Amino acid sequence: RSDLIHRAIDTLRDKLVEESLIVAAVAMMATARLGWATDIGQWALFVAALAALVMWMQLTASSETLMGLKLHPLFTIPAAIGVATLVPLLASDGIDRRIWQYSVAGCCAAGLIAAIAAGLEPAYSAIAPQRLNITYVADKASGKTEWAAETGAPLPASLDAAADFSKIPARPYPAARGLAYLAPAPRAQLAMPGAAVLANAKSGILRRVTLGLSGSSDAAMMLLVLPGDLGLKSVMLGERQLPIPAKWAGRKQIVIACESADCASAAVTLEMAATGAIKADLVERRAELPGFAETLLAARPKTAVPSQYGDGTMLVSPITVPAVK
């Protein structure tokens, strides 16, 4: 039922935009000819403004699938531009006060009815699905292996029943961008990433550390997670100099991401002020899940889909760089 409603709304919206553009062109010509301060001009101006309002508001509605339900410029700016087309109507006194009152009351009633109808519909459908990534996480230091269900909403009942997921989301691995529901997972025989310390010495007043990353042939991304108090001055990824954002200075951890298959054997050179021992993490991301994840994938309903990086495997290994004098 929800899918049929969404399809009907999309079809109606597209048709309304096409027909409103034609009507708006005629209405604007009539407004220019008759003058927008007359009664006929006011109605012509309203019809002309309605086309722009419909086009901008459909962008606002479509933005939900990108940003979720939160206050964001992607919502507010298109809505403001669409409503701005009605400003000439607000500045006019050509319409009777009683008509304005009835119009406001009608809009409030329509908005309330629409809100109630939306509240009775399921939160997600196959057309407007929930973002939900399933990640297999293996941590070499703790020896733990877990499923991480990354989503900004409660877990679907079918997925929650498929594994013993936590009731409160937590950070699943170092450098994770958000929280996830965690559940114990079987142990897979996977080669863990590592890093060799190729250089670790002072160069003038700064210290230079070079790490040779070692990931698998299945690596799609490598993440180097460093403490935020190193006083980093420069970062070289292979032969490429990376910028040092000013906001790094106040962070508890710094993440250097290399997002391509050849990152598995990349070299990272760091220049820093700190001279003590460095404890960091190296994370290898693979773009697939172990074979035994099929049961969990089958439990994910059609109203939930992978998003952005999608499902994958995260392998976490600790790295220690000795202090220098």
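Whatever comes next refers back to the structure up there.
What counts as what
- Residues numbered from 1 in each chain as written.
- Predicted model: local features only at pLDDT ≥ 70, side-chain atom pairs only at ≥ 80, totals over all residues.
- Heavy atoms only, no water.
- Pairing = 2+ DSSP bridges.
- Helix = DSSP H or I, 4+ residues; strand = E, 2+ residues; numbered from the N terminus.
- Axes fitted to C-alpha atoms, helices over the stretch in contact; angles between N-to-C directions.
- 1 Å grid on protein atoms, 1.4 Å probe; cavity = no way out; pocket = protein on both sides within 12 Å on 5 of 7 lines; lining within 4 Å.
- Points joined across faces, edges and corners; volume = space filled by probe spheres on them.
- Nonpolar A, V, L, I, M, F, W, Y, C, P; charged D, E, K, R; others polar.
- Disulfide = S-S within 2.5 Å.
- Buried < 20%, exposed > 50% of the residue type's maximum accessible area, 1.4 Å probe, protein only.
- Salt bridge = Lys/Arg side-chain N within 4 Å of Asp/Glu carboxyl O.
- Patch = residues over 30% accessible without salt bridge, like charges linked within 9 Å, V, L, I, M, F, W, Y side chains within 5 Å.
- Areas by Shrake-Rupley, 256 points an atom, 1.4 Å probe, with all protein chains shown as cover.
- Phe/Tyr/Trp six-rings, centres within 6.5 Å; stacked < 30°, edge-to-face > 60°.

(A) View of the sheet that holds strand β14 (residues 312-321). Pairing within the open sheet is mixed, and its 7 strands lie in the order β4-β3-β2-β14-β12-β7-β10. Each edge of the sheet is formed by a strand with only one pairing partner; in this case those strands are β4 (181-184) and β10 (253-258). Each neighbouring strand pair of the sheet contributes to a mean axis angle of 25 degrees, computed without reference to strand direction. Of the strand pairs in this sheet, strand β2 (residues 133-139) and β14 are connected by 5 bridges, and their pairing is parallel. The partner of tyrosine 136 across the bridge, within β14, is threonine 313.

(B) Representation of empty space enclosed by the protein in the model. This model, assessed by the stated rule, comprises 1 cavity of 30 Å³ or more. Lining the largest cavity, in full, are Leu213, Met222, Leu223, Leu224, Leu237, Ile256, Ala257, Cys258 and Val268. Counting residues per element, the ones that place at least two in the lining of the largest cavity are β7 (219-227) and β10. Of the residues belonging to the lining of the largest cavity, the class tally is 9 nonpolar, no polar and no charged.

(C) Summary view of the sheet that holds strand β5 (residues 194-203). Sheet architecture is open: 5 strands sit in the order β5-β6-β11-β8-β9, paired in antiparallel fashion. In the strand order of this sheet, the two ends are held by β5 and β9 (240-242), each with one partner. Pairwise comparison of adjacent strand axes, ignoring direction, gives a mean angle of 20 degrees for this sheet.

(D) Inspection of the state of the cysteines at higher detail. Within this structure, the stated rule accounts for 1 disulfide. Disulfide partner of cysteine 258: cysteine 263, at an S-S distance of 1.8 Å. Measuring handedness by torsion sign, the sulfur bridge of cysteine 258 and cysteine 263 sits at about -70 degrees and is left-handed. Residue classification places cysteine 258 among the buried residues on the basis of a relative accessible area of 12%. Cysteine 107 takes part in no disulfide bond, and the closest cysteine sulfur, belonging to cysteine 108, lies 7.0 Å away.

(E) Inspection of unusual backbone geometry at higher detail. The backbone of alanine 175 sits at a positive phi, close to 80 degrees, despite the residue not being glycine. The topology assignment puts alanine 175 in the loop between α7 (157-162) and β4. Using a relative accessible area of 16% as the deciding quantity, one classes alanine 175 as buried. Phi at glutamine 308 is positive, roughly 55 degrees, even though this residue is not glycine. Among the structural elements, glutamine 308 can be located in the loop between β13 (304-305) and β14. You can call glutamine 308 exposed: its relative accessible area is 71%.

(F) Structural view of the pattern of salt bridges. Applying the stated criterion across every chain yields a total of 5 salt bridges. Two residues, glutamate 271 and arginine 208, come together in a salt bridge whose shortest N-O distance is 2.5 Å. Here glutamate 271, found in strand β11 (residues 267-272), pairs with arginine 208, found in strand β6 (residues 206-214); they are 63 residues apart in sequence, far enough to count as distant. The partly exposed category is assigned to arginine 208, whose relative accessible area is 38%.

(G) Inspection of a nonpolar patch on the surface at higher detail. The grouping of Met55, Trp56, Leu59, Ile77 and Ile81 at the surface amounts to a nonpolar patch, some 400 Å² of accessible area in total. Among the secondary structure elements, those contributing two or more residues to the nonpolar patch are α2 (39-62) and α4 (73-84). With 3 residues, α2 is the single largest residue contributor to the nonpolar patch. Assignment of secondary structure puts tryptophan 56 in helix α2.

(H) Quick look at the packing of aromatic side chains. The full count for this structure, using the stated rule, is 3 aromatic pairs. Pairing tyrosine 136 with tryptophan 147 gives two aromatic rings, centres 5.4 Å apart and planes at 65 degrees, and the pair type is edge-to-face. Of the two residues, tyrosine 136 is situated in strand β2 and tryptophan 147 in strand β3 (residues 145-150); the sequence distance between them amounts to 11 residues. The same class applies to tyrosine 136 and to tryptophan 147, which are both buried. Aromatic side chains tryptophan 147 and phenylalanine 292 sit 5.9 Å apart centroid to centroid with 70 degrees between the ring planes, which places their arrangement in the edge-to-face category. Of this pair, tryptophan 147 sits in strand β3 while phenylalanine 292 sits in the loop between β12 (278-286) and α8 (294-299), and the two are 145 residues apart along the sequence. Phenylalanine 292 gets classed as partly exposed once you look at its relative accessible area, which sits at 35%.

The values reported here are purely geometric and, on their own, carry no functional implication.
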